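Listed below, chain by chain, are the residues.
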Amino acid sequence: MRTIAHLALRELRRSWIRNLFAALAVGIGIATIIASDLISRAITEEIAESAEGKAITAFMSEQLDVGLTAIGLVITVGAGFLIFNAFAMSTTQRREDFGRMRAVGMTHRQLLLMVLLEAILTGALGIVFGLLAGVGLGRGLMFLVTTTSDVFNRFGEVSLSPDRLLFGATVGLATTIIAALLPAIRASRTPPVAAMRATSSSGRNLNQYRIAGGCAILLTAMWIFLIVDPPGLWILPPWSSYLTVALIALWLLCIGLSLPAIVGLSGVWLRRPLTAILRLPGRLAADNLRRARARVTFTLLTLIIGVAMIIGVTGYLGYWFEELFFRNSERSLKENPGMGFFPLEIDAGLQAYEDVFDFTLTDNLIAEVEAAAEGHAAVVQGYFVLAPELSFLGEHYFSFIIDPHSMQQSGELFFTFTYGDWPHALEITDKDCGLFLTPTVAQKNNAWLYDTIPIQTPLGSLDCTIAGIGPTFVGASIISDAGLTAFNLTAPVTLSVFPHEGEGRDEILAEFAAIADRYTGVWFTDLSQVSKMQMEAMGTVRTMMSGLLFLAILSATLGVINTALISVSERRREYGVLRAAGATRRQVSAIVIVEGLLFGLIGAGVGIVVGTGVVVIHIVVSGGSVFGYPDFPVWEVALASIQPALTRGILALVVSPMLIALASWLPARAALRGTAIETLGRRETPL
Amino acid sequence: MSEIIETNDLQKQYRMGDVVVEALKGVDFTVHEGEFVAIMGPSGSGKSTLLHLLGGLDLASGGEVFLADRRLTRLRDTAITVMRRRHVGFVFQFFNLLPTLTAAENVALPLLLDGQSVKESSARVTETLEQVNMGNRAGHMPDQLSGGEQQRVAIARALVTDPEILLADEPTGNLDSSSGEQVLVILRRACDAAGQTIVIVTHNPTAAAFADRVVFLQDGALVHEILGGPFDVSAITEAIAHVNV
């Protein structure tokens, strides 16, 4: 074992740049996972002391935690591909070394262990870096957000959570081992005679074209189906989720399987124009693309994943925040603009929670408002609770408790029926506890309209019947007022007032503002202001996610540079042969640069297609089913959501080719610096 | 016959770890136009280094190399490369074909590097492949060819520009005796029929027997030569025994 460890360490030292890049990529993913936990806990801890405060702030914390952790996991998975690439290429390169080791008596198992140990040590380095950087990243992001956001302007002091540290370390290590396993197994199967045989490849494989052809037919059929009969218009949960996952899997699988053929065909199609423009370097670069498909595909994978991730996440955020989340509330606030009383100044963001321990409105205020509203406006008392069963996102998204009769009078702000109707709903809620849920929450409980769900409350289990399914205000579930006793609530957190049709809104607004002025600590505002605050909060979440996407770009860049480095070192001999056959350094450099540009263009292009496809499939298949929006314009929304992502995609299309060309050219330049015979691989140093 | 290759006091030193190795210690060596010369010597005697310096693949530490009246040691890298491309053909022991190109494309490489189009070069490529009996394998990839076939493609690549000089480093070192002989026959024919100058490095007395002259190198210095080839293999064996290399 000592010898194996010694050999693994030697190899790590020999290829330290490659391993450092792989470790950094893992580290970035883990750092994001750690930072997301720190940030999300810092929102609720110390800031929201009371149960109501926690209920109100927990949703922001939950959104951030889910969103940022997801990005962290995606970055880590991307790092996994980088490790897979790096080890797959490295083990191919070291085949002769493995053959020699086998020849002198190393067993399959020892060889497997050696390669896995190299991966584990690389991963461990990444984990240590990630754990340290995660704290810095979390604190840095919080500082940045507090100085720029009107909502997230105060964070609590939190220490690292041992659970999250363990989670991050486990994810990092598991990703590393899984990623390196296949190359390690392949290495362990190296026969001793490999030491004597040079590897070669003709790059011909007709099967790849057959597979690609089959995939093209399948995908064409899929897109025709999505265009002709978008499932988002008719599908119900949970089938929307199943179909989304199935079609995205088909999309990714087909693109993945077709990638070698795509690379090969690009080489065929680009050969003529490249030869015309760049003569031999263009021709050789196009030919290499076609014939070295396996190597090129490996090199491109990291870039494709990076670009697809950026396009996918940006597009998904656009869909979620711009098209889905506030769709109903914006419309209903326009139709029936309400106003509200709150126990704290919502406009002040998280700062408002400082030193506020009582988040309820007083009986006197409620009585006065209800008296003033009599005959002119509907008053809705709003209570906030945390019921994990009803959480729209994760376990800590808040739910409302609202009297359904007042909710009915308030218009469509809080709830709109997609399934069910008011007469049936009120029949339920007048007798018992009723629920108004989005399809997502109903699906989460494996329940549907008129089914009963047991809700855990401080006073035990409470059976509630689903009285209606449809879009709710910001996705929060609504429990009828029968839940008040079970949750031990005596006073509401908000009072929303909706003037009846034909009533003078301005006069009512002035009257209620005057009432609010008489109560200290009560804040009265237009409800659109609350909606705006929600949007601002979402905007900050989105900005933070975009910020972390930068780390994803960094991780992808490391991957690209790494594979380019390995690729150049693998092809050093080839450059030497070209030099010996009469190619000048400039000609060889031109080939390397043109190849890099082609890799970048194809990688970014395929990445854009993959990412766009994932987002469009998701929107067209799921549509508004998460919230239960009827008649959701799936294609219109899909195209609108993907637009900002495509802007980034175009940037990737410009930057990636230059980046890969540079990443390939720099080591190639170093390799070409010596004489032709040195480039061919002689190890002595000339004097 | 005029001299086409000449070296004066040619020296080459390498550093291998902490040790400085003197690969060539002031070699004076001349090859005449149309001559077939074999360089023999034990491993590490400097044979390959000498060949690399003659072809401009490597740079000398001291002394001069003249190739077709041009002082190689004074030329810049690009000029050396262009000269190698147009006037020198190289054949290596391990063929060094590009694995992603077909046999014909490998052969065409020096012409394409010199700016010819595929169309312009195709007739010459076909002719050269025919010359080494590989016309029927033009579209094959290197890994679809046997070692002997790969070496013949490599020779075709070296001959395609019709160079004055062909340098071969152990051209039969990786081949069976039959394939090796085919390669040597081709080289001999290039010398006799086309008047090309051939310099090969070899350990193999049978290969050296094809040459007009055999020079022996030991510890970086020329120690002996025999003239009047092609030889009987026994003459080479005797010479080897004589110089004790």
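What counts and what doesn't
Residues numbered from 1 in each chain as written. Chains lettered and ligands numbered in written order. Predicted model: local features only at pLDDT ≥ 70, side-chain atom pairs only at ≥ 80, totals over all residues. Heavy atoms only, no water. Contact = heavy atoms within 4.5 Å. Salt bridge = Lys/Arg side-chain N within 4 Å of Asp/Glu carboxyl O. Polar contact = N/O pair within 3.5 Å; in protein donor to acceptor, adjacent residues only side chain to side chain. Helix = DSSP H or I, 4+ residues; strand = E, 2+ residues; numbered from the N terminus. Pairing = 2+ DSSP bridges. Axes fitted to C-alpha atoms, helices over the stretch in contact; angles between N-to-C directions. Buried < 20%, exposed > 50% of the residue type's maximum accessible area, 1.4 Å probe, protein only. Disulfide = S-S within 2.5 Å.

(A) Representation of the interface of chain B and chain A within the structure. Listed per partner, the contact involves 38 residues of chain B and 35 residues of chain A. Taken together, chain B and chain A are joined by four salt bridges. The residue B:Asp77 makes a salt bridge to A:Arg585 at a minimum N-O spacing of 3.2 Å. At the junction of chain B and chain A, the tally comes to eleven residue pairs in polar contact (both at pLDDT 80 or more). Of all elements in the fold, only strand S1 (3-16), helix H2 (77-87) and helix H3 (103-113) of chain B reach the threshold of two or more residues within the side of chain B that touches chain A. Ranked by residue count, the leading element in the side of chain B that touches chain A is H2(B), at six residues.

(B) Quick look at the sheet that holds strand S9 (residues 213-218) of chain B. Residues and elements named next belong to chain B. Within the open sheet, the six strands sit side by side as S6-S7-S8-S3-S9-S10. Their pairing is mixed. Of all the strands in the sheet, just strand S6 (88-91) and strand S10 (221-227) have a single pairing partner and so form its edges. With direction set aside, neighbouring strand axes in the sheet form an average angle of 15°. The pairing of S6 with strand S7 (residues 165-169) spans four bridges and is parallel. Counterpart to valine 88 in the pairing with S7 is isoleucine 165. Lying over the sheet, helix H5 (residues 147-159) contacts S6 and S7, oriented at roughly 165° with respect to S6. Seen against the sheet, helix H6 (residues 177-194) touches strand S3 (36-40), S7 and strand S8 (197-201) and runs at an angle of roughly 150° to S8.

(C) Molecular detail of the pairing of strand S8 (residues 494-499) of chain A. All names here are of chain A. Most of S8 sits inside the fold, with six of its six residues counted as buried. Of the two faces of S8, the one holding Thr494, Ser496 and Phe498 and the one holding Leu495, Val497 and Pro499 are both buried throughout. When strand S1 (residues 339-342) meets S8, the two strands line up antiparallel, connected through three bridges. Bridging from a neighbouring strand, methionine 339 pairs with valine 497 of S8. In the sheet, strand S2 (residues 377-385) pairs with S8 via six bridges, with the strands oriented antiparallel. Considered in S8, the bridge of alanine 377 is made with proline 499.

(D) The arrangement of the state of the cysteines in detail. All names here are of chain A. The final tally for this structure, using the stated rule, is one disulfide over all chains. The disulfide partner of cysteine 433 is cysteine 464, and the gap between their sulfur atoms is 2.0 Å. With the S-S bond torsion at 85°, the cross-link from cysteine 433 to cysteine 464 turns out right-handed. Of this pair, cysteine 433 sits in strand S4 (residues 433-437) while cysteine 464 sits in strand S6 (residues 460-469), and the two are 31 residues apart along the sequence. Both residues of the pair, cysteine 433 and cysteine 464, count as buried.

Function cannot be read off these values alone, since they describe shape.
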